[in-house]
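Chains, contacts and geometry: an overview
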Amino acid sequence: MATVELRFSAQPEHVRTARLVAAAVARRAGVDEAVLDEVRLAVGEACSRAVGLHRGHGITAPIKVVLTEEDKTFSIEVGDEVPGPGTEGSRSGSGGRVGGDEEAEGEDEMGLAVISGLVDDMEVSTSDEGGVIRMSWPTAPVSALP
């Protein structure tokens, strides 16, 4: 099992770098070329959402992206450090925003909807340490060059 871990400060300009790294690692892991755009888009949405949560809650900790090549599966986890529901300073509802900002909550919901449309296997979890969006794609064996 090969793993690449990327951490970046919660700045929107770093999301592009995360997308590029995810696509490169996915290609190397054997994700079908036709699916790489979906990987890039899904990672971009997940990272943008995490950046928005960190900035909205004043969290200076980095966003964490873990890319893992497993047997026949490539998975990506995008983690934020915004506490889950029921904890002090927590996100509200499934959208992840505090303070009843309906526009921001709608954007979060839209981001999750976009990701779920791009990824067949997606899981969203939250705890008092933060949230994680886990996505995975099937891989094909990488053939050796002649």
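A brief look at the structure comes next.

Thresholds, definitions, all that
Residues numbered from 1 in each chain as written. Predicted model: local features only at pLDDT ≥ 70, side-chain atom pairs only at ≥ 80, totals over all residues. Heavy atoms only, no water. Pairing = 2+ DSSP bridges. Helix = DSSP H or I, 4+ residues; strand = E, 2+ residues; numbered from the N terminus. Axes fitted to C-alpha atoms, helices over the stretch in contact; angles between N-to-C directions. Left-handed = near helix turned anticlockwise from the far one by under 90°. Contact = heavy atoms within 4.5 Å. Nonpolar A, V, L, I, M, F, W, Y, C, P; charged D, E, K, R; others polar. Expected span 1.5 Å × (residues − 1). Core = buried A, V, L, I, M, F, W, Y, C linked by side-chain atoms within 4.5 Å. Buried < 20%, exposed > 50% of the residue type's maximum accessible area, 1.4 Å probe, protein only. Patch = residues over 30% accessible without salt bridge, like charges linked within 9 Å, V, L, I, M, F, W, Y side chains within 5 Å. Areas by Shrake-Rupley, 256 points an atom, 1.4 Å probe, with all protein chains shown as cover. Salt bridge = Lys/Arg side-chain N within 4 Å of Asp/Glu carboxyl O. Lys, Arg positive; Asp, Glu negative; His and termini not counted. Charge placed at Lys NZ, Arg CZ, Asp CG, Glu CD.

A word on the pairing of strand 4 (residues 121-127)
Where strand 4 meets strand 5 (residues 130-138), seven bridges bridge the pair, whose relative direction is antiparallel. What sits directly across from Met 122, in strand 5, is Met 135. Hairpin connection between strand 4 and strand 5: a loop of two residues separates the two successive antiparallel strands.

Remarks on the packing of helix 1 (residues 15-29) against helix 2 (residues 36-57)
At a closest axis distance of 8 Å, the pairing of helix 1 and helix 2 adopts a crossing angle of 145 degrees. In the packing of helix 1 onto helix 2, the handedness of the crossing is right-handed. In this structure, helix 1 uses Val 15, Ala 18, Arg 19, Ala 22, Ala 23, Ala 26 and Arg 27 to contact helix 2, whose residues at the interface are Leu 36, Val 39, Arg 40, Val 43, Gly 44, Cys 47, Ser 48 and Val 51. Class assignment for the residues of the contact of helix 1 with helix 2 results in 10 nonpolar, two polar and three charged.

Some points on helix 1
Here helix 1 spans 21 Å end to end across 15 residues, near enough to the 21 Å set by a 1.5 Å rise per residue. Against the buried residues of helix 1 lie strand 1 (2-8), helix 2, strand 2 (63-70) and strand 3 (73-79). Phi turns positive one or two residues past the end of helix 1, at Gly 30, with a value near 105 degrees.

Some words on the nonpolar core
Membership of the largest hydrophobic core comes to 31 residues, with the highest contact counts inside it found for Phe 74, Ile 76, Val 78, Met 135 and Trp 137. For this core, the secondary-structure elements that each account for two or more residues are strand 1, helix 1, helix 2, strand 2, strand 3, helix 3 (102-118) and strand 5. No other element matches helix 2, which puts eight residues into this core. Contacts of Val 78, omitting those with residues within four sequence positions, involve Ala 46, Cys 47, Ala 50, Ile 63, Lys 64, Val 65, Gly 131, Val 132, Ile 133 and Met 135.

Comments concerning a negative patch on the surface
Taken together, the side chains of Glu 38, Asp 120, Asp 121 and Glu 123 make up a negatively charged region of the molecular surface. Within the secondary structure layout, Asp 121 lies in strand 4. Overall, the relative accessible area of 38% leaves Asp 121 in the partly exposed class.

Comments concerning the sheet that holds strand 1
Strand order in the open sheet made by the five strands is 1-2-3-5-4, with antiparallel pairing throughout. The open sheet terminates on both sides in strands that have one partner only, identified here as strand 1 and strand 4. Within the sheet, the average angular offset between the axes of one strand and its neighbour, ignoring direction, is 15 degrees. Helix-sheet contacts for helix 2 involve strand 1, strand 2, strand 3 and strand 5, and the interaxial angle to strand 5 is about 180 degrees.

Looking at the pairing of strand 3
Each regular strand shows side chains that alternate between the opposite faces of the sheet. Of all seven residues that make up strand 3, five are buried, and the element is covered over most of its length. Relative to strand 3, strand 2 is paired through seven bridges, and the arrangement is antiparallel. Bridging across to strand 3, Lys 64 finds its partner in Gly 79. Across seven bridges, strand 3 lies against strand 5 in antiparallel orientation. Looking at strand 5, one finds that Gly 79 is bridged to Val 132.

Structural notes on the environment of Glu 123
Mapping Glu 123 onto the fold places it in strand 4. Accessibility expressed as a relative area gives 47% for Glu 123, which makes it partly exposed. Sequence separation between Glu 123 and Ile 133 is 10 residues; the distance between their C-alpha atoms is 5.8 Å. Residues in contact with Glu 123, not counting those within four places in the same chain, are Val 132, Ile 133 and Arg 134.

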